[in-house]
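What the coordinates show
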Amino acid sequence: MTDPDYDVIVTGFGPVGETCANLLGYYGIKSLIIDKDQGVFPLPRAITWDKECERAISVCKFSNELDLRIIRAADHIDSNEKLIFRAQLIEKEKYKYFHSMSFMYQPEFDRVHRENALKYKTNIIKEGWELIDYRQENRLITCIVKDLNNNEIKNITTKYLIGSDGASSSVRKISKIELQDYNCDQTWMVVDGYNDKQFECFAEVDAIQFCNPKRPITIIQGAKNRFRFEIGFMPGDKEEEIQKEEVFTEYVNRWIGDSNVTYDRKAVYSFHSASAKQWRKDNMFLLGDAAHQMPPFMGQGLNSGCRDAENLLWKINGVLNGTFDESILDTYESERKPHAERIMQAAINMGNIINAKSYIIAFLRNIFLRLATALSGTGNLFPAFAGIRLGEGIHNMPDIKNPSIEAYYFNNIDVKLRDGRNQDTDQLLKKNFGLILNNFTNTKSISESNIELLRKLNFKIINLTESYEDSNYEHYIHCKDLYNDFDTYCKKFNCDAVFLRPDRYVFDRIKTQDQNLDAVISKVLNQLKEKIRIN
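For the structure given in this document, a descriptive report is provided here. (Residues numbered from 1 in each chain as written. Predicted model: local features only at pLDDT ≥ 70, side-chain atom pairs only at ≥ 80, totals over all residues. Heavy atoms only, no water.)

1. Considerations on the sheet that holds strand 3 (residues 48–50)
- Spatially, 3-7-4 is the arrangement adopted by the three strands of the open sheet, whose pairing is antiparallel. One side of each edge strand has no neighbouring strand; the edge strands of this open sheet are strand 3 and strand 4 (69–70).
- Helix 7 (residues 301–320) rests against strand 3 and strand 7 (101–103) of the sheet, and its axis sits at about 40 degrees to strand 3. (Pairing = 2+ DSSP bridges. Helix = DSSP H or I, 4+ residues; strand = E, 2+ residues; numbered from the N terminus. Contact = heavy atoms within 4.5 Å. Axes fitted to C-alpha atoms, helices over the stretch in contact; angles between N-to-C directions.)

2. What about helix 12 (residues 448–457)?
- Buried within helix 12 are the following residues: Asn450, Ile451, Leu453, Leu454 and Leu457. The buried residues of helix 12 occupy an angular sector of 165 degrees when the element is viewed end-on, so they sit on one face. Exposed side chains of helix 12 directed beyond 90 degrees from the buried face belong to Glu448, Ser449 and Glu452.
- Backbone geometry just after helix 12 places Asn458 at a positive phi near 55 degrees. (Buried < 20%, exposed > 50% of the residue type's maximum accessible area, 1.4 Å probe, protein only. Arc of directions from axis to C-beta.)

3. Observations concerning helix 3 (residues 106–117)
- Under the 1.5 Å per step criterion, the end-to-end length of helix 3 is 16 Å for twelve residues, consistent within 8% with the ideal 16 Å.
- The element helix 3 is largely enclosed, with a buried count of ten among its twelve residues.
- All buried positions along helix 3 are accounted for by Gln106, Pro107, Glu108, Phe109, Asp110, Val112, His113, Arg114, Asn116 and Ala117.
- Residues of helix 3 that are buried in the fold lie against helix 1 (15–27), strand 3 and strand 8 (123–127). (Expected span 1.5 Å × (residues − 1).)

4. A few points about a nonpolar patch on the surface
- A cluster of nonpolar side chains, contributed by Ile360, Phe363, Leu364 and Ile367, occupies part of the molecular surface with about 440 Å² of accessible area.
- Here Ile367 shows up in helix 9 (residues 359–376).
- Looking at Ile367, the relative accessible area reads 46%, which means it is partly exposed. (Patch = residues over 30% accessible without salt bridge, like charges linked within 9 Å, V, L, I, M, F, W, Y side chains within 5 Å. Areas by Shrake-Rupley, 256 points an atom, 1.4 Å probe, with all protein chains shown as cover. Salt bridge = Lys/Arg side-chain N within 4 Å of Asp/Glu carboxyl O.)

5. Things to note about the packing of aromatic side chains
- Applying the stated criterion across every chain, the model contains 26 aromatic pairs.
- When the ring of Phe199 is compared with that of Phe202, the centres are 6.2 Å apart and the planes differ by 25 degrees; the resulting orientation is stacked. The residues Phe199 and Phe202 share a single accessibility class, namely buried.
- Within the aromatic cluster, the residues linked to one another by ring pairs are Phe199, Phe202, Phe227, Phe229, Phe248 and Tyr263.
- Lying across the ring of Tyr6, Lys30 places its NZ or CZ 5.7 Å from the centre.
- Over the ring of Tyr483 we find Lys96; its NZ or CZ atom is 5.1 Å from the centre of that ring. (Phe/Tyr/Trp six-rings, centres within 6.5 Å; stacked < 30°, edge-to-face > 60°. Lys NZ or Arg CZ within 6 Å of the ring centre and 35° of its normal.)

6. Thoughts on the packing of helix 7 against helix 8 (residues 330–354)
- Remark: helix 7 packs on helix 8, axes separated minimally by 10 Å, with the N-to-C direction vectors making an angle of 165 degrees. In terms of orientation, helix 7 and helix 8 fall into the roughly antiparallel class. The element helix 7 and its partner helix 8 pack so that their crossing is right-handed. Together, Ser304, Arg307, Asp308, Asn311, Leu312 and Lys315 of helix 7 and Thr331, Tyr332, Glu335, Arg336, His339 and Ile343 of helix 8 make up the contact between the two elements.
- Looking at the contact of helix 7 with helix 8 residue by residue, the classes come out as three nonpolar, four polar and five charged. (Parallel < 35°, antiparallel > 145°, perpendicular 65-115°, else oblique. Left-handed = near helix turned anticlockwise from the far one by under 90°. Nonpolar A, V, L, I, M, F, W, Y, C, P; charged D, E, K, R; others polar.)

7. Points about the packing of helix 1 against helix 7
- Viewed as axis vectors pointing N to C, helix 1 and helix 7 meet at an angle of 25 degrees, and their least axial separation amounts to 9 Å. Taken together, the axes of helix 1 and helix 7 are roughly parallel relative to one another. Crossing hand, helix 1 versus helix 7: right-handed. The residues of helix 7 that touch helix 1, namely those facing Pro15, Val16, Thr19, Cys20, Leu23, Leu24 and Tyr27, are Leu302, Gly305, Cys306, Ala309, Glu310, Leu313, Trp314 and Asn317.

This is the structure we're talking about:
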């Protein structure tokens with residue numbers, strides 16, 4: 001087979017394509033990233049970025065930081081502005097580390113991500129290039145690309161094609177992949193701007209859902225003194241009329257108070273809910289809005305797309321470097337599709353809660369939610385924060401009732417190394433499989449046959465212990481847990497160790513009992529070989 005021009009071509013250079021570009025650069029994969037538009041879109045669209053997606057690209061070592069506003073909580077209030085429930089999005093009681101979601105300013109997000117992606121020599125980025133068609137033959141994809149700057153047509157070959165080109169994805173259409181529509185279209189107007197000081201209503205929270213049947217409104221205090229209002233459309237509203245400042249300010253002045261505000265964007269959106277019936281077709285993969293579209297009420301559209309990129313690219317990297325058989329790529333759709341669709345359903349449910357326009361339904365909603373959240377909390381309403389199991393794939397995790405997020409997506413543990421440096425487990429593991437042990441004191445010698453496979457995988461072993469006894473494996477790391485987070489974790493989940501994937505999802509939790517380290521590693525490697533074919 002003739003060598004392709006690239007290992008990966010990415011179409012679409014929005015937040016998901018930018019995440020792909022940075023991860024591909026980190027892995028050193030020869031990649032072409034194209035987008036038909038030029039430059040960063042100057043106005044905000046997506047507004048939230050969660051800790052999982054931030055951690056996914058932390059290995060890329062950005063030179064510029066984003067201004068983020070961590071979301072402490074979101075209030076849901078009734079038409080009389082009485083609290084229905086508060087979704088507390090920061091929980092610091094159990095661990096020093098806490099999972100969080102932040103508001104960001106998308107033009108800055110795009111600029112920082114694009115600038116960082118350019119530093120990788122294996123990345124070629126072309127704006128003003130559009131995918132016209134593609135064909136797959138003999139496991140090679142030929143992309144027909146049009147340079148919109150001069151109308152030149154180019155034929156470019158690649159091993160893998162990634163479609164992260166948005167809800168109206170050309171890649172999905174060319175592939176003749178249908179969307180499954182969840183029939184949950186809603187029309188809202190979005191108003192963005194900035195203020196001279198924080199709105200008074202945000203003393204304890206950073207978002208408010210005004211669940212008013214007369215006109216539901218979402219109020220957000222974003223990063224860098226920015227704000228957003230999402231104003232529900234009502235029967236009789238006209239798109240041109242409601243976008244007039246003298247009209248929409250009637251609905252938002254109550255929340256602005258005495259702040260001085262400047263509006264810089266008004267747009268009417270129809271929020272859709274849909275999922276592609278296939279996310280993969282041979283060596284073509286759909287990511288982000290090309291694969292799934294969800295309403296914005298959970299702030300998880302962009303984040304679900306970034307999870308797609310993280311999940312797929314560690315697997316593609318393993319195939320390209322010869323570690324894994326290509327069959328591992330089958331697990332992209334099987335793992336990610338159920339995960340994203342559960343979040344989508346939660347977003348639909350939240351939209352229905354906020355957007356109830358019948359006073360009777362709203363009255364019953366208020367009673368039910370006050371009772372339900374008082375008894376069982378808000379985890380079922382916010383599954384992305386309560387923990388979601390991946391679909392079938394490379395893990396042995398059961399479906400847990402009422403989980404917390406770290407049950408499936410592992411925490412980041414602050415540690416002190418033997419030489420006195422402070423690091424965290426993400427820095428030590430990088431994008432590798434790993435085993436974290438809680439004060440393992442048994443024999444640490446590992447057999448040569450196991451070491452051979454560990455080296456092939458670049459597998460990391462971290463022992464959080466006060467003892468600095470070495471192992472004969474060079475990627476065995478002993479260090480101290482600075483805040484006893486892992487001991488807390490092990491007590492909560494009745495385990496002695498956790499086996500992690502490169503994306504920090506839990507493969508399995510382990511009871512080491514009285515076994516030596518070689519026996520523990522044999523068990524872990526056998527579990528892995530049951531799930532994937534290692535070359």
